[in-house]
Amino acid sequence: MAVARQRLGPGVRVSGNVDPLVLLGPESKIRAAVRDCVTKAGPGHVLNLGHGVIQETPEDAVAAFVDEAKKFHYSDATGSEEEEAKVLTGV
């Protein structure tokens, strides 16, 4: 995700890209994967799974993914809400 962001620049929206197999692991790794992806992708990113939810995925794992996605923002990683707002508004 970091390479995609670097190549595309800050003004292009990107989507993805958490490996769905992460949801078969412990909750701490699920939450870490969400934070890592959001941090690398930067502002304007749409978080989702690389290939959707596989059948064996526990519902609690999906809930942890969604919960962390709602809580964690790019500005949490950078400490700069101003930077995030500039990218999102194009200013």
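Thresholds, definitions, all that
- Residues numbered from 1 in each chain as written.
- Predicted model: local features only at pLDDT ≥ 70, side-chain atom pairs only at ≥ 80, totals over all residues.
- Heavy atoms only, no water.
- Helix = DSSP H or I, 4+ residues; strand = E, 2+ residues; numbered from the N terminus.
- Buried < 20%, exposed > 50% of the residue type's maximum accessible area, 1.4 Å probe, protein only.
- Contact = heavy atoms within 4.5 Å.
- Areas by Shrake-Rupley, 256 points an atom, 1.4 Å probe, with all protein chains shown as cover.
- Core = buried A, V, L, I, M, F, W, Y, C linked by side-chain atoms within 4.5 Å.
- Pairing = 2+ DSSP bridges.
- Right-handed = clockwise from strand over helix to strand, strands pointing away.
- pLDDT = per-residue confidence, 0-100.

### Description of the overall build of the protein
A tally of regular secondary structure across the protein gives 5 helices and 2 strands. Each helix and strand of the protein, placed in order from N terminus to C terminus, yields the pattern α-β-α-β-α-α-α. The buried share among the 91 residues of the protein stands at 32%. Counting contacts in the protein only where the partners sit at least 6 residues apart, residues at least 24 apart contribute 71% of the total. Entry remark: accessible area of the protein is about 5700 Å², with carbon and sulfur atoms responsible for 53%.

### Concerning the nonpolar core
Val18, Leu23, Ile30, Val38, Leu49 and Phe65 are the most contacted members of the largest nonpolar core, which totals 13 residues. Top element by residues in this core is helix α2 (residues 27–41). It accounts for 5 residues. Once residues within four sequence positions are removed from consideration, valine 18 is found in contact with Ala33, Cys37, Leu47, Asn48, Leu49, Gly50 and Phe65.

### Quick notes on the pairing of strand β1 (residues 14–18)
Pairing geometry for β1 and strand β2 (residues 45–49), over 5 bridges, is parallel. The partner of glycine 16 across the bridge, within β2, is leucine 47. Tracing the backbone out of β1, into α2 and back to the parallel element β2 gives a crossover that is right-handed.

### Topic: the confidence of the model for the protein
The predicted model of the protein has a mean per-residue pLDDT of 84, with 85% of residues at 70 or higher. Of all secondary-structure elements in the protein, the lowest mean pLDDT belongs to helix α5 (residues 81–89), at 56, while helix α3 (residues 59–71) reaches the highest, 95.

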